[in-house]
Each structure stands twice: as C-alpha cells, then as structure tokens.
Amino acid sequence: MERKLNGIFTLLLVVLAQLTFAQQKAVSGTVTDEEGLPMVGVTVQVQGTNSGTLTDFDGNFTIQASKEQILIFKYVGFAMQQITVGNSSNVNVTMLVDTAALEEVIIMGYISKRKDDMTGSAVQLGSEVLRQTTTVSVDQALQGKVAGLNVSTTSGTPGATADIRIRGRSSITAGNSPLYVIDGVPITNENVSGSASGSSLSALASLNTNDISSITVLKDASSTAAYGARGANGVIVITTKNGAAGKTTYNASSSFGYSNDAIKGPQVLTAAEREMLFYESLYNSYGASNGFTKGDAKQFYLNNLNSFGNDYVVWNEAGRPEANWAKVITNSNAPIQEHNLSVTGGGEDHNFYASVGYFDQEATVIGSDFQRVSGSLNLTKKFNEKLSFSTSNTASHSYQDGTLEGSAYFSSPRAVKFFMPPTYEPYNKDGSINLNTNLPNPLWVAENDIDINRLTRILSNNSITWQTPVENLSFSSRASIDYRITNYKRYRNRISGDGAGTNGYGYQSHNSSTSYVFQNRLDYKWLTGPHSLDFTVLQEYQKNRRYLLEADGEEFGTDGLSNLASAGSPTLASSQFTDWSVASYMGTASYSFDNTYVLNGTYRREGNSRFSPENRWGDFYSVGAAWNLHRAAFLEDYTNVNMLKLRASYGVTGNANIDLNKYQVLFGYSTNYGGTAAAFPSQYGNSDLTWETSHTLDLGIDFAFLENRLDGSIAYYSRESKNLLLDVPLSFTTGFNQQTRNIGRMSNKGFEAELSYAIVRSEGFNLTLGGNIAVNKNEVLELAKDAAGKDITITTVTQRVEVGEPAYAWYMPTWSGVNPNTGVDEWYLNGKDGETTTNFNQAAKAFQGGSALPEVTAGLNFHVDYKGFFIDASGFYQGGHKVYESWHLYTHQGNAYSLNLYQGINTVLDRWQNPGDVTRYAKVQNSYEPWRYNSKFLFDGAFARLRNLTFGYDFSDQINKAAGINNGRIYIRGTNLLTWVKDDNLVWDPEVNASGFTDMFTPPTKSVILGVNFNF
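The following paragraphs examine the structure supplied in this document. Treat the numbers as computed from the prediction; the structure is a model and nothing was measured.

1. Description of unusual backbone geometry
Peptide bonds are, in most cases, trans, and in most cases residues other than glycine have a negative phi.
Then step 1. Backbone geometry places Arg-167, a non-glycine residue, at a positive phi of 55°.
Then step 2. Positionally, Arg-167 belongs in the loop between β12 (162-166) and β13 (179-182).
Then step 3. Overall, Arg-167 belongs to the buried group, its relative accessible area being 2%.
Then step 4. With a phi close to 60°, Asn-503 is a non-glycine residue in the positive phi region.
Then step 5. In this structure, Asn-503 sits in the loop between β23 (473-492) and β24 (505-528).
Then step 6. Look at Asn-503 and you get partly exposed, because its relative accessible area is 23%.

Next up, the structure:
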C-alpha cells in the first residue's frame, strides 16, 4: 500500500512539473553598458527563485522564466535593473552607472575603471556630495573634498573664477590650472569676463550642478597620461546625468536663503578716531620743529589749512557726523535662490534625461548680482543590437552684474569702504546722494554705472557606437561643440566717477568662442579563464576659434544714454581673431589576472599648434601596476579585509598652457608713422619651443576593512617638471624684455591620505566620520643661466624664484619691530637678524619661508542620520603658506594716506605713543610715505572653515505615500558659517587667490539656505 501511495505521489509531482515547465520559456537577450558595449559577467536572476545565470563574453544570456516573472540584472558599480517578462522571449538591457555606487566605478573621461582595476590616484565625488554646498560654479564645491586639491576662491562675487591647484604648482610661468573634461570631451575653462578690472566670470558658472552626476579628480600620470600634453596639472572629469529605463520620474527642488561676508574683515577708523590720530601725527611730525605741544596740534592745523585742507573744519562745523561707509556699501542678507526640475525615464531601447534650472544670487556688495537660466536634454537610443546613439546637450544664459574689484579702484564700492573718509556723509540732508566727496560716492556709481557680463553657452556632445562583426570589438565616433558668446558692457556716467572727466565713457565687447572636438575610437574586451584584457585606441582632433570685437567712446550728450551710438567721440575700434588646434592619437590597455594582478599602460602622441611644425609633436605615456591582496589566497580567511591593494605608477605628461604664437617672431601693426600704417617688432620668438613635461612617480595603498566600514587610501608622489616653459629675462639691448624657453626643472613631492569610518551602521541610525590630508613640498631645481653661468632668478618686490627654494617664495626685507624708544619701524640690515636700521633702503632682502601655496591642506566630513533626520558637515584647512597684505600703505599705516587723504584700519590705534611702549604699529606721522614691502605685512596664512553644515529630514514612507511622491526631503544649510584664522594680525579674509595677496575683492560669503526636494 505504501509503495502504491508513493507511486501516485510521484506521478502527481511529474504532472505538476510538466505543467510548470509548460508555462516557462527560454528568455534570452544581450546586456550592454551606456556606450553599447557588451557586459561580461552580469548576474541575471529570476526574482524569488534560485534560478540564475551570467552573461557571456558577448553580453548574451539565456534563462528559463515564466510570463510576468521579474528578471533582476546586477553588476558591481551599476544600477540594478528589473525587467518583467512579457510575451516576447527576447529581453535586451542597458546597464547604467549607479550614482549610489560611484565609488566602485571611476569615470576617467575617455574610459571607466572598476576601483579594483585602478593603478593611479583618482577621487570621485557623486552628485549628493556636490550638492552639499550651494555655489554658482561647480569647481568651488570641491573645496576640502579631495586630498591634494587646493581651491582658492578669487572673489565672493557670484560667478567669479576659482584658482585650483592639484598637487601644488607644476610650472613657473606657464599655466597651472587643470584640464576640464565633460562627458569624455576636453573643454576650455577660463575667465570669460570682458574686463580685466572688473569681476571675473568663470566659464564653469554656465553649468548647473544639479545636472552633474559625478566629478572625478585625476591626479597622477597613470590617470592623466591619456590627456597627454594637457595632463600635467591634473584633470577634472565632469559627468552629466543620463536617463534610466523604467517609469518616468520627476525631480523638483527649490531653495531660498541669504548671504553675508564670511568674516567682518578689517574695521576702519571712526571719524573721531581719525581726527584724534591726525592731530597726533601733526605733533609727531612738526611739534619739535615748530615748538608746539600735542594739545596745540589742532590749532597748528587750523593755522595751516592751505597745507592740510579743511576737511576736519567742515566736519566739525557740520556737527561731527559719523559716516559708516562699510554699512552703506554692504548688501546685507543678500538673497539667493535656486529652482530645478528634471525628468528621467526610458524603455528597453532608449532612455532620456531633461532638466530646466534657474539660479539667482545677489552679491554682498551693492550693485552686483548673478542670474542663470539653464536647460539640458540627454538621450540614448539603441537602434538595434549593433547600433546605438547618444547625445547630451546643455544650454544656459548667465547674467553677471559685476563691480570694479581687485585693486584700489576709487569708484569700487568694495574699495571705497577702505578709502572714503568717514568725515564725508553718503547722503545730503534732503536725502539725495552726496556728490561732494573726495572720492566717487559708491551709491551714485552703483545706480548710474554699468558693468555687465552676459554669457550664452551651448554644449552638444553626440556619439554613435557600432558593435563590429569582430567579436567584442566596438567602434564609436563622437562629435562635440562648445559654443560660447560673451557680451560685456561698461558705462561710466558723466556726472561723478571715472567718466566725469570725459563727459561719460562707454565700452562694449563681443567675444565668441567655438571649440570643436572629433573623436574616433575602437574598444576591445577579451576574457578567457583568469585572464582579462581590454584596450582602447582613440583618435582626437580639437579646434578652437575665437573672435573679439570691441569699441569704446567718450562724450555722451545726456544722461540715460549708455550705448556707443550715443558717444560723441569714438576712441577705439578693434577686432581680433585667434585659433588653435590639437591633434592626438592615444592607446590605453589594461590586463588583469584572476582580478588580482593588474597592469595598465597608456601612450599618447599629440601635436599642438602652439609650437613650430618641427617641434609640434610630443610623446606621453604611463605604466601602472596593482596587486589586489584581498583576492590573494593567504588573505582568504581574513573576512574583515574587504579590500587591500598596493599600486604604483610612473608616467610622463605635458603642459602647453602658454599664449599662442610664442614660437614665432612677430611684428605688430597697431601704430602709425607720419600718419601711415607702420610695423614694429613685437615678439622675439623661439622656434625651438616645445612641451614642458612632468615625470611622476605615484605609490599608494587602498584599503577597506570591517565590512567596508573603514576605507581609505595612502599615497606618496614625486613629480619633476622638466624643460619648463619659462619666461627668461633678456638684455634690453635686444629690444625685448623676455623670451619663452624650454629650460629649468622643478619638483613637487608629497603625501596624501583619505579615510572614512562608519562608526555606527544600522537600519535606523548611522554615523560616519571621514577626512583627508595632503602635504606638498615644492622646490625649484634648475633655472636659466646668464652668460657668466649664473642662475637668472625671477625677482619681484615681494617674491623670488631661485634654485633650492619654492617657486615664488616670499622674498623681502625683514621687519625687526618698532623701536620702543623712538617709535619708528626698523629692519634687519642683513635681512635676517642682528643689526637693524631705520633706513628701509639699506635693509637687505631675504627669504621669509614658504610661498603663497599651502604646504598642508585637509578636509573633514561628518554624517549622522536617525529615522530620516540627518546632519552633514564638512570643513577644510590650509596651512604652511603666507599671505601678503596688498594695500597696507594706504590703509594700514599711521600716515597721511590713512589720516588725511583716505581712511585707516582701526588696528593702528594700538600705535606707539611714549618711550618704552612695545607695539606693532609705529608712531603716527603726517607723511606720504613710499611703498615699503616688508615682512611686517606678511602673515601666516593658515586658516580653517566650516564649509558646510546641513540639517534635514527625509520623508518617511507614510508621508511620501500620503503626498503621492516617491520621496521627499527638506533641509536647512549653512555655508562658511565659521572661520578660524591662525594669525591674529591677518584681519583680511584669509582665503585669497593663488598669488597670495589680499586685495579689494568681495570676500567669500556666509549663507543660510532653506531647501526642499521632491521625487515623483
């Protein structure tokens, strides 16, 4: 009986199995990446079952599944795809890079590599990190985020450029800015402002940060050699967002806030303090020779108004009003707002991403603001199994109402704060603007002068990919255009200010720049057993054309007319055309054995029109190796070791960042002789000019322990720049002051470390702390020599380039202090120590230690979340460098500039008054002193900033469901909330540009922003 029941039961199982298999079918297809290339080893699984398979070398798979079952596709570094089985037995899938796992796949522009396959130094930041700081230009969001990357904001004016240095200074007189690459295409990025005396405008300000998926910073030769002669300064790779197959989703975000200066900065004297110090200066300067006491100094002034002016008389008669020019020119709580809407979606054979955005920010000084309208449309279409097309397009229009800044422009609102005496009132008694001031009233200037930059930029990047009949070999072709139009308009009113002397002044320029990039490439992937090989061969051509038309004029007949058609006296009409081109051939290969041992190699041959035909082409290369120890047999039992990799690379990259046509002997034709056109020698030229090269060794350890809770990297690098593109001084008997040559060497050596630790990691509570630190040592190794065989140093009034020292090391007389008996400044005779002198011209110059670039940079980040609530914080530190105060003669010394003509900073109140006083500031004197650049105004530049602090809440599932959205977030963010400065004597904002000088720029801003984000 039991045997009979077993037989019946077995028969029933067979019948059930037959019914089940009758409903299943063989589902097959191909899995490719975004470029249309087949993906090997993708996991394909039927949801809820143990049934699964892997894609083969061609990306093909076959699996048994029933209709309505869900197939799950997984691959490390790519977003998981879920496809419901329908009537068709064919399913093709495009895997997209997972923005939540960007740390696993490094996008390097031309190619992408898994982190295990990297042999060089590269750091990638995802969109979530980039959006933690609200900035107009995306490069400023990198501050403190990457070891070895130093970002210095040149101005707090919205849209201004930033100085970026990767692993220090690679060149002395050639460019040091990194190369920027967007979606695999090199672009030009520079200051596109139409004015050298006004606010700068970064070309990157045209990009909307919300459209960016990731930014990768490439630092060593193994990472940058693919970019050849433009990789010596590092490469910043920007990747824009793409669509994803599935239901169409929308993302909307809005933020509102306000900004103020990050620090108060120098505080000026009140009118009463200024008057008091003025009388004291008269006594110190003339009391002994004219026989009057300090108490009689005011009467001495009244007796000599012809010599000193009557400003204080008028001020006293007016009732001693205290003007506050700092308050007048400040735009307190300057508003800032941003709004974005994006949509993404797609199907089996296509995906798309589209967005629109609006950004509006006012500056913290009157009369300046920035606005941007942007839009993007990215589309990928797979025509068939062999052919696919991809296009990404961005267009934006930026408007910057700038201001005069960067120098002591008396019409600049920022400069007037430090130059306009407080004895002059901003307004008349009837409320009208007071024009009877010794400097132009910034209130009038802001209302009646014009400084406007308009930038329109279109980026279009299009590619087509063909899977050739050769197995695993694909061909793709790309065409990209970067089209920029910049219009600048300047007008100086005819009533008061810079245009008053010419009855008004106007200037306008139209600048169009077009950059074309054409690429053709072959990609091959080969996998057999433990061996893996892939290579890319690329041909690239880039052409840039720039056209400038400019004109200006004077004598405007009436107010309210600012176009040049209304200028009665045209004074300039000029046009320029420049172009340059780069052609290159590149090959890169990567070999992996058992995913444990990795070898990478890159070779690029590149030609640049900046050099003569005989020296136009250069060869650049890199080799790299890595050992993934965590895959080695002897670490198999160490489950807490998730990744441990040793890597090393060496390579040669180049620098061609110099002005055009430097190799040519040039004649100028912008003059006349006897009323006819005339030519004159304008450039000495050098037909032997060629590439500057950087030879870089990079050694590193990458690691992840404790289920990836602790991860980071440690690296050492040594980079030697050779055949520097150096501007060498010439004897004036040649008729020229310098010539660009390939001569000289310089080194940068340093250590870098990055570390992140998930202190607590759970479903409801997470706590992570991370940071980075970098140390860089720069040294000049060789310079040009004169006829006698001596080094030709490059010396300015404050800096010097000399063998054995950092490039542009601080070099000036050394201030020994204020003599406590006499109250005058003294300097060391030998420039270092010992005997002192009161005669500045007798004091020798000496190196002051360090340069303008930090030797130490660091960043710190913190994240905590609990049941939807979260806090993100990040800060950065710079140190080991010094900062020089540019305009101390006029504002920071007790002299006639500060007390009689312009305005002084209130720190001079702590001046010497009586014998025995130990002070930093000498006794005040009524004299117009000459410039004395010395170490008294050279300060330790070390500072730290709380760059970002965000508190927010991610909506719970219940709230999302009730609101009918997928997810939502609300947050409040503060930027640059706290600043610590090491040197108490540095009263200016410590964040200065790469030159190391404080200046009359709008300082970085401190902002508070409330924002919301919805996905539906």
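2. Some remarks on the nonpolar core
Then step 1. Grouped together as the largest cluster of nonpolar side chains are 34 residues, with contacts concentrated most on Trp-325, Phe-419, Trp-810, Tyr-884, Tyr-890, Trp-988 and Met-1000.
Then step 2. Residue assignment for this core shows that the elements contributing at least two residues are α8 (325-329), α9 (413-419), β40 (809-813), β47 (882-885), α11 (888-891) and β48 (938-940).
Then step 3. Residues contacting Trp-988, with those up to four places away along its chain left out, are Ile-263, Pro-266, Phe-418, Glu-885, Ile-905, Thr-998, Asp-999 and Met-1000.
Then step 4. Ile-166, Tyr-180, Leu-207 and Val-217 belong to the second-largest nonpolar core, a separate cluster that totals 22 residues.

3. Description of the pairing of β40
Then step 1. Of all five residues in β40, five are buried; the element is thus mostly enclosed.
Then step 2. Relative to β40, strand β39 (residues 799-801) runs antiparallel, the two sharing two bridges. Bridging from a neighbouring strand, Arg-800 pairs with Ala-809 of β40.
Then step 3. As paired strands, β40 and strand β44 (residues 845-851) are joined by four bridges and run antiparallel to one another. In the strand pairing of β44, Met-812 is matched with Ala-846.

4. A few points about the sheet that holds β47
Then step 1. Pairing is mixed across the open sheet formed by three strands, whose spatial order is β48-β47-β51. Sheet topology places β48 and β51 (997-998) at the edges, where each strand pairs with a single neighbour.

5. Some words on the pattern of salt bridges
Then step 1. Overall, the coordinates contain 36 salt bridges when judged by the stated rule.
Then step 2. Here the salt bridges share partners, and the residues they tie into one network are Arg-167, Lys-219, Lys-645, Arg-647, Asp-698, Asp-702 and Glu-752.

6. As for the environment of Asn-511
Then step 1. Within the secondary structure, Asn-511 sits in strand β24.
Then step 2. Looking at Asn-511, the relative accessible area reads 18%, which means it is buried.
Then step 3. Placed 39 residues apart in sequence, Asn-511 and Glu-550 show a C-alpha to C-alpha distance of 8.5 Å.
Then step 4. Ignoring any residue separated from it by four or fewer positions in sequence, one finds Asn-511 in contact with Arg-484, Ile-485, Thr-486, Arg-546, Tyr-547 and Leu-548.

7. Topic: the sheet that holds strand β41 (residues 815-818)
Then step 1. Strand order in this open sheet of three strands is β41-β42-β43, and the pairing throughout is antiparallel. Looking at strand neighbours, the two that pair on one side only are β41 and β43 (836-837), the edges of this open sheet.

8. A closer look at helix α4 (residues 271-290)
Then step 1. An ideal rise of 1.5 Å per residue puts 28 Å on 20 residues; α4 measures up with 26 Å between its terminal C-alpha atoms.
Then step 2. At Asn-284, α4 shows its strongest bend, of approximately 40°.
Then step 3. When α4 is considered as a whole, its buried residues turn out to be Ala-271, Arg-274, Glu-275, Leu-277, Phe-278, Tyr-279, Glu-280, Ser-281, Leu-282 and Gly-287.
Then step 4. Lining the buried residues of α4 we find α5 (297-303), α6 (305-308), α7 (311-317) and α12 (896-901).
Then step 5. Of the residues trailing α4, Gly-291 is marked for its positive phi of about 70°.

9. With respect to the pairing of strand β49 (residues 943-954)
Looking along a regular strand, one sees the side chains alternate between the two faces of the sheet.
Then step 1. In this sheet, β49 lies alongside strand β46 (residues 869-879) in antiparallel orientation, the contact comprising 10 bridges. Bridge pairing in β49 places Phe-869 opposite Tyr-953.
Then step 2. Sheet topology note: the β49/strand β50 (residues 967-981) ladder contains 11 bridges and is antiparallel. Along β50, the bridge assignment pairs Arg-945 with Thr-979.

10. Observations concerning the packing of aromatic side chains
Then step 1. This structure, assessed with the given rule, holds 53 aromatic pairs.
Then step 2. Taking the centre distance of 4.8 Å and the plane angle of 45° together, the rings of Phe-418 and Trp-988 count as tilted. Of the two residues, Phe-418 is situated in helix α9 and Trp-988 in the loop between β50 and β51; the sequence distance between them amounts to 570 residues.
Then step 3. Overall, the relative accessible area of 3% leaves Phe-418 in the buried class.
Then step 4. Aromatic rings pair up to connect Phe-410, Phe-419, Trp-810, Tyr-884, Trp-887, Tyr-890, Tyr-897, Tyr-902, Tyr-928, Trp-931, Tyr-933 and Phe-997 into one cluster.
Then step 5. Taking the ring centre of Tyr-811 as reference, the NZ or CZ of Arg-800 above it sits at 4.7 Å.

Reading the values: the criteria
- Residues numbered from 1 in each chain as written.
- Predicted model: local features only at pLDDT ≥ 70, side-chain atom pairs only at ≥ 80, totals over all residues.
- Heavy atoms only, no water.
- Helix = DSSP H or I, 4+ residues; strand = E, 2+ residues; numbered from the N terminus.
- Buried < 20%, exposed > 50% of the residue type's maximum accessible area, 1.4 Å probe, protein only.
- Core = buried A, V, L, I, M, F, W, Y, C linked by side-chain atoms within 4.5 Å.
- Contact = heavy atoms within 4.5 Å.
- Pairing = 2+ DSSP bridges.
- Salt bridge = Lys/Arg side-chain N within 4 Å of Asp/Glu carboxyl O.
- Expected span 1.5 Å × (residues − 1).
- Bend = angle between axes of the 7 residues up to and from the residue.
- Phe/Tyr/Trp six-rings, centres within 6.5 Å; stacked < 30°, edge-to-face > 60°.
- Lys NZ or Arg CZ within 6 Å of the ring centre and 35° of its normal.

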